[in-house]
Amino acid sequence: MPSTPDRGSSLLRALSNTGISITYCDLEFKVVWAENIPSAWSRHPVDGKQLTDFLPSGVANDLIRAKHDVVATGVSRKLEICIPAEGGSAWFAIWLDVDRTPEGEICGVMATAVDITDQKHREQTLRTLLREVAHRSKNLLAIIQSIATQTGRHAENVDGFLSRFRGRLQSLASTQDLVTSSNWRGASLMELIVGQVGRYTADPHRNIRIEGDQPYLNPNAALHIGLALHELAVNSVSYGALARPDGHVTITTQIQARPAVPALSIKWSEGISVSSRSVGQRRFGSVALERVVPAALNGSAKLELTDTKLTYSLLVPEGSYETE
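All values reported here derive from a predicted model rather than from experimental measurement.

Novice: What exactly am I supposed to notice about unusual backbone geometry here?
Specialist: Across residues other than glycine, the phi torsion is negative in most instances, and most of the peptide bonds are trans. One non-glycine residue, Phe29, lies in positive phi territory at about 60°. Structurally, the position occupied by Phe29 is in the loop between β1 (20-25) and β2 (31-35). Overall, Phe29 belongs to the buried group, its relative accessible area being 6%. Positive phi is not limited to glycine here, since Asn183 has a value of about 60°.

See the structure below:
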């Protein structure tokens, strides 16, 4: 009959395959024995050493104070410690328990440590993401508030306000989908144009002519340029080239120097079918194109109207885009 393996040695072998370590200290807090000590603590045996011999003084003193409390009260305690390590910091959850003699007297303290570094990194990443989401949400709400204020200021009645406001919210939502799908990197100018203008055309390939550079926009630039494209498209469907089945708009983009500072130039041009006086009324569309969008991007814009042509030029400084 085969002999039964020693349970203690089997448990110690299993312990070596985990991120769990055990340290037993006497009442002087000298290490009596230790198993599976993390390399972040010490690369050498710690038996017979004081905690201050191999742990940073601040961490060792925190553990010593906690062990004093455990010995004084007999109540187990949990704490977390952080130790400098290669490539950053190592975090450990520590459980402290007293060890008693058969007579019930406290004779030592057992410290069980679990490596929680990965968990801490995940928590830090989550906190960073939540802060980023909160920041971007505030920015988005500020944009919506501005749109609501300006739309209401230029609306003639409630129905007109709701119609225009819904359209602008849909524009923001469409761009936000692009930004979110890119993990908050932003959106390419090409897909932004197709998304914002293509929905108003029967045949985007025929009605939208895109020429020039196609950079990648950061989230703020994508949201505001998307809004500008929406306003231009809505105006074009009402008065301009997109009101005609065979009409087209031309969007020309170019990364240029001014003369030494790189900037993205976006130019929209199309033929219009009504007088410049009708198109040029100072409603929210023109306010957004000439003031709101360029101000949000620290850029400049110019809207030019004649009886037969509309041209909108937007200059976006470097920092709002990158070349793919």
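Novice: Is there a simple way to think about the nonpolar core in this case?
Specialist: Generally speaking, nonpolar side chains in soluble globular proteins are found buried as a group. Counting residues in hydrophobic clusters, the biggest one holds 33 residues, and the most contacted among them are Val197, Leu217, Ile225, Leu229, Trp268, Tyr312 and Leu314. Elements with a contribution of two residues or more to this core: α5 (158-181), α6 (189-197), α8 (219-239), β9 (249-257), β10 (262-271), α10 (284-296) and β12 (309-317). For this core, the leading source of residues is α8, giving seven residues. Discounting chain neighbours no more than four positions away, the residues touching Ile225 are Leu189, Leu192, Leu217, Ile266, Leu297, Leu314 and Val316. Counting residues in hydrophobic clusters, the runner-up holds 25 residues, among them Cys25, Phe54, Ala60 and Leu63.

Novice: Would you explain the pattern of salt bridges in this entry?
Specialist: Pairing is possible between side chains that carry opposite charge, provided their charged atoms lie close to one another. Counted by the stated rule, this structure contains seven salt bridges. Across the salt bridge formed by Arg77 and Asp69, the nearest N and O atoms sit 2.9 Å from each other. On the accessibility criterion, Asp69 (40% relative accessible area) is partly exposed. Its salt-bridge partner being Lys120, residue Glu80 comes within 2.8 Å of it at the nearest N-O pair. Of this pair, Glu80 sits in strand β3 (residues 77-85) while Lys120 sits in helix α4 (residues 117-154); the two residues are 40 residues apart in sequence, bridging distant segments of the chain. Among the charged side chains, a salt-bridge network with shared partners connects Glu80, Lys120 and Glu123.

Novice: Explain the sheet that holds strand β5 (residues 106-115) here, please?
Specialist: Picture the strands of a sheet paired through backbone hydrogen bonds; they go either parallel or antiparallel. Read across the sheet, five strands follow the order β2-β1-β5-β4-β3 without closing on themselves; strand pairing throughout is antiparallel. Each edge of the open sheet is held by one strand with a lone partner, namely β2 and β3. For this sheet, the mean inter-axis angle between neighbouring strands, taken without regard to orientation, is 25°. Pairing between β3 and strand β4 (residues 88-100): nine bridges, direction antiparallel. In the sheet register, Arg77 faces β4, and the bridge partner there is Leu96. Of the strands in this sheet, β3, β4 and β5 are in contact with α4, which crosses β4 at around 130°.

Novice: I'm lost on α6 in this one. Help?
Specialist: Since there are 3.6 residues in each turn of an α-helix, residues three or four apart along the chain are aligned in direction. Among the residues making up α6, those that are buried are Leu189, Leu192, Ile193, Gln196 and Val197. The buried residues of α6 all sit within an arc of 100° when viewed along its axis, so they share a single face.

Novice: It is not clear to me how the sheet that holds strand β7 (residues 208-212) should be interpreted in this structure. Could you clarify?
Specialist: The five strands lie next to each other as β7-β9-β10-β12-β11, forming an open sheet whose pairing is mixed. Each edge of the open sheet carries a strand with a single partner, namely β7 and β11 (300-305). Pairs of neighbouring strands in the sheet enclose a mean axial angle of 10°, with direction left out of account. In the sheet, β9 pairs with β10 via nine bridges, with the strands oriented antiparallel. Bridge pairing in β10 links Ile255 to Leu264.

Novice: Can you help me understand the packing of aromatic side chains in this one?
Specialist: In this description, a pair of aromatic rings is defined by centroid distance and the angle of the planes. Counting across every chain of the model gives three aromatic pairs. Summarising the aromatic geometry, the rings of Tyr24 and Trp33 are spaced 5.9 Å apart at their centres and angled 5° between planes, so their arrangement reads as stacked. Under the relative-accessibility criterion, Tyr24 is labelled buried at 10%. Owing to a relative accessible area of 34%, Trp33 belongs among the partly exposed residues under this scheme. Taking 5.3 Å as the distance between ring centres and 10° as the angle between the ring planes, the aromatic pair formed by Phe161 and Phe165 counts as stacked. Linking Phe161 with Phe165, this pair stays in helix α5, spanning four residues, or about one helical turn. Between the NZ or CZ atom of Lys120 and the centre of the ring of Trp91, over which it lies, the distance is 4.7 Å.

Definitions and limits used
The numbering scheme is per chain: residues are counted from 1 as the chain's sequence reads. It should be noted that, the model being predicted, local features are given only for residues of pLDDT at least 70 and side-chain atom pairs only at 80 or more, the latter also being counted only at that level, while totals for whole chains, interfaces and linings use all residues. With hydrogens and water set aside, each side-chain value is computed from the structure's full complement of heavy atoms. Where helices and strands are cited, they refer to DSSP runs of H or I of at least four residues and of E of at least two residues respectively, numbered from the N terminus. Here's how the labels work: a residue is buried when its accessible area is under 20% of the maximum for its type, exposed when over 50%, partly exposed in between, all with a 1.4 Å probe on protein chains only. Only buried Ala, Val, Leu, Ile, Met, Phe, Trp, Tyr and Cys residues count toward a nonpolar core, and they belong to the same one when joined by side-chain atoms within 4.5 Å. Note on contacts: a residue pair qualifies if any of its non-hydrogen atoms lie within 4.5 Å across the two residues. Definition used for salt bridges: Asp or Glu carboxyl oxygen within 4 Å of a side-chain nitrogen of Lys or Arg. In this analysis, strands are considered paired if DSSP registers two or more bridges between them. Here an axis means a line fitted to C-alpha atoms, over the contact stretch when the element is a helix, while the angle between two N-to-C directions is reported on a 0 to 180 degree scale. It is the directions from the helix axis to the C-beta atoms whose arc is reported. Only the six-membered ring of Trp is used, alongside the rings of Phe and Tyr, when aromatic pairs are assigned; centres must lie within 6.5 Å, and planes under 30 degrees apart are stacked while those over 60 apart are edge-to-face, with the rest tilted. For a ring to carry a charge above it, either NZ of a lysine or CZ of an arginine must fall within 6 Å of the ring centroid while also lying within 35 degrees of the normal to the ring plane.

Fair warning: the whole summary comes from geometry, so function is off the table for now.
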